[in-house]
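Letter by letter, the chains look like this.
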Number of protein chains: 2
Amino acid sequence: MHLLNPLRNLLIATLFLLTAPAISLAESLPSWNDGDTKKAITEFVESVTREGSADFIPEDQRIATFDNDGTLWAEKPMYFQLIYAMDQVKKMAPQHPEWKTQEPFASVIRGDTEKVLASGKEGLMKILAATHTNMTAEDFQSAVTSWLQTARHPKTNRPYNEMIYQPMLELLTYLRANGFKTFIVSGGGVDFMRVFAQETYGIPPDQVVGSSLKAKYEVRDGKPVILKLPEVNLIDDKEGKPVGIHQYIGQRPVFTAGNSDGDYQMLEYTTAGSGPRFGLILHHTDAKREWAYDRKSHVGQLNKALDDASKKGWTVIDMQKDWKVIFPASKQ
Amino acid sequence: MHLLNPLRNLLIATLFLLTAPAISLAESLPSWNDGDTKKAITEFVESVTREGSADFIPEDQRIATFDNDGTLWAEKPMYFQLIYAMDQVKKMAPQHPEWKTQEPFASVIRGDTEKVLASGKEGLMKILAATHTNMTAEDFQSAVTSWLQTARHPKTNRPYNEMIYQPMLELLTYLRANGFKTFIVSGGGVDFMRVFAQETYGIPPDQVVGSSLKAKYEVRDGKPVILKLPEVNLIDDKEGKPVGIHQYIGQRPVFTAGNSDGDYQMLEYTTAGSGPRFGLILHHTDAKREWAYDRKSHVGQLNKALDDASKKGWTVIDMQKDWKVIFPASKQ
């Protein structure tokens, strides 16, 4: 006994060290300036994770959902997935000589983005159908993977998966270190985001919820494949976000982050749950280091959610004031 | 340095102990008889988790999917969810005097199960619509929760969530201890299974994939709710299983278990992936301790998958021969 006891005690002490929060608060959100926003986040997390606290939330209920475009990565000059789609049209053009005279394809090929956007929802749906459907899930995945390796953002010349917000990466890590399960809930395409979410955000494919197409199972030449059909399954935006959360996650989140009116219903659904809840809005206020836009922006319009934030108790990040850095150091 | 080094070494040693497999193989599947089936499972798991092995599978790709009805819990005399639905019809009958003369409700109320089943798909859809739709997700969840607390299986008198297979619980635990992420992929209703999957199987709601209805987000009297609509979203059976896996999990599994031809496509999709894969079929062969059924059963028919198992390299559990016990000790 007297030989084993010291070892046992050390084991217990070590286990305690291992289970105690690995990082101190000051260290866990280093890219956040001290102030009300950071304080609101850390106070919430501390109170819901402290055993015995009136606000304690058991670990299996610590569900955190994050919008992607404009919340985890940038969305200017336009949604990156749309840039992907236009790049694919250009790549596929030699096999489609008819596109030279067909809109919106002709404008895409000429590089006339203004005119492409002016083609509206109908035009964009044609581009999405041509580049996202009637192919196997694996072929789509390969195409996105190789695009990410070579495509560069027009303003920063960074790979798109480096146009991500360093402070939000830290927030994801901080939440996970405190027992939260982190999910993406985005209007973007689920198959598109799943290509990079694990490596970029540490979020596995099954924790990505997004807009989706219907799919079909087929055995082609003896090989089972999933075929992406040209038919919408879920638009995971606005009222579609709580629906997506219900269908895919099956629990109401206790923490949610977004940046636009497309996240209004997710914020509302999350923070109306009983017990402590946290709603976070990223306000793009930094024209110098990123972009400044809100009420009148075509991409990521933030109007009603900004009006109601204070009344609803949602915390608003002022990007310019709250963040020390925007993007992580480039790996290139 | 000389003060810290011994502590560091002990920390490393402890960490090693903590990350080494916690349970020896003999102990991890105690309800499985030694034999080819158990050996096939443990050899697969050992080879894909051994660093440096040619068959090594990184942890983020260790996706395991399990059917529920007839694979994790029993499905006789009929699917438990159908028993729930019929119990609900009886409970709701006082508010629906018209049901006394309307089929299939009249037969349900009289307890004439034969006649209910004879009403076919159309009759069953009416029962499902009456008991599963036009209600909020939270109300449905409460109703299932209270049913599980009081309802008892007609043959064993156990609560339905104790009609689960002890050897499969051990298999789930064993896979998780070896870095697998375990999912349910079932023809059963996702909202129904999510009520008990965490407590019963240790599988959280977001790792349950099942058949689902369309849903709608609504703010009712200032309270945001999810409404279950009388419209099918996904039938997660046969060809629907690989589709459900793609939509919800987003990765092809490396391990899958089922018990009927409804799992054929999931087995095929899983085991056709490149690299090592494991397909497992539970053959109900134990008329004494459970039920014996396969090719001619209306519930859980196992015919084509049994024919093709050997050719496809799927491992078949002979329940009578491979399992020491069927159900866990009752908590009642």
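Residues numbered from 1 in each chain as written. Chains lettered and ligands numbered in written order. Predicted model: local features only at pLDDT ≥ 70, side-chain atom pairs only at ≥ 80, totals over all residues.

(A) Seen up close, the interface of chain A and chain B. Listed as interface residues are 31 residues of chain A and, on the opposing side, 31 residues of chain B. Elements with a minimum of two residues in the side of chain A that touches chain B: helix H1 (4-19), strand S4 (208-220), strand S5 (223-234), helix H12 (240-249) and helix H13 (264-271) of chain A. Tallying contributions element by element places H12 of chain A first for the side of chain A that touches chain B, with six residues. Partitioned by chemical class, the residues of the side of chain A that touches chain B number 16 nonpolar, eight polar and seven charged. (Contact = placed C-beta atoms within 7 Å. Helix = DSSP H or I, 4+ residues; strand = E, 2+ residues; numbered from the N terminus. Nonpolar A, V, L, I, M, F, W, Y, C, P; charged D, E, K, R; others polar.)

(B) Here's a closer look at the packing of helix H4 (residues 80-92) of chain B against helix H7 (residues 120-132) of chain B. Residues and elements named next belong to chain B. Where H4 meets H7, the closest approach of the two axes is 9 Å, and the angle between their N-to-C directions is 65°. The orientation of H4 with respect to H7, classified from their angle, is roughly perpendicular. For the pair H4 and H7, the crossing hand works out as left-handed. Taking contact as the criterion, the partners of Ala85, Met86, Gln88 and Val89 in H4 are, on H7, Ile127, Leu128, Ala130 and Thr131. The residue inventory of the contact of H4 with H7, partitioned by class, reads six nonpolar, two polar and no charged. (Axes fitted to C-alpha atoms, helices over the stretch in contact; angles between N-to-C directions. Parallel < 35°, antiparallel > 145°, perpendicular 65-115°, else oblique. Left-handed = near helix turned anticlockwise from the far one by under 90°.)

(C) Structural context of the relation of the copies chain A and chain B. Take chain A, turn it by 180°, move it 0.0 Å along the axis, and it overlays chain B with an RMSD of 0.0 Å. Those values place the two copies in the arrangement expected of a two-fold rotation axis. Relative to the rotation axis, the closest C-alpha in chain A is found at Tyr248 of chain A, a distance of 3.2 Å. The residues that chain A uses at the interface reappear at the interface of chain B in 100% of cases, marking a shared surface. (Least-squares fit on C-alpha atoms with pLDDT ≥ 70 in both.)

(D) Local environment of the pairing of strand S5 (residues 223-234) of chain B. All names here are of chain B. Note that strand S2 (residues 135-136) and S5 share two bridges and pair antiparallel. For Met135, the partnering residue across the bridge sits in S5 and is Lys228. Adjacent in sequence and paired antiparallel, strand S4 (residues 208-220) and S5 are bridged by two residues, among which Asp221 carries a positive phi angle near 50°. (Pairing = 2+ DSSP bridges.)

(E) Here's a closer look at the pairing of strand S3 (residues 181-189) of chain B. Residue and element names in this part refer to chain B. The buried fraction of S3 amounts to nine of the nine residues, a majority that puts the element mostly inside the structure. Alignment of S3 against S4, held across three bridges, turns out to be parallel. In the sheet register, Val185 faces S4, and the bridge partner there is Val209. (Buried ≥ 20, exposed ≤ 12 C-beta atoms within 10 Å, placed from the backbone.)

(F) Expanded view of the nonpolar core. Ranked by size, the top nonpolar core spans 149 residues in total, and within it Leu175, Phe183, Ile184 and Val209 of chain A together with Phe183, Ile184 and Val209 of chain B carry the most contacts. Non-local contacts of Ile184 of chain A, meaning those with residues more than four positions away in its chain, are made with Phe66, Asn68, Met193, Ala197, Ile203, Gln207, Val208, Val209 and Gly210 of chain A. (Core = buried A, V, L, I, M, F, W, Y, C linked by C-beta atoms within 7 Å.)

(G) Examining the packing of H12 of chain A against H13 of chain A more closely. Residues and elements named next belong to chain A. Interaxial distance between H12 and H13 falls to 7 Å at its minimum, and their mutual angle equals 55°. Our classification of the angle between H12 and H13 gives oblique. For the pair H12 and H13, contact is made by Lys241, Pro242 and Ile245 and by Gln265, Met266 and Tyr269, respectively. Looking at the contact of H12 with H13 residue by residue, the class counts come to four nonpolar, one polar and one charged.

(H) Region of the structure containing helix H12 (residues 240-249) of chain B. Most of H12 of chain B sits inside the fold, with ten of its ten residues counted as buried. Among the residues making up H12 of chain B, those that are buried are Gly240, Lys241, Pro242, Val243, Gly244, Ile245, His246, Gln247, Tyr248 and Ile249 of chain B.

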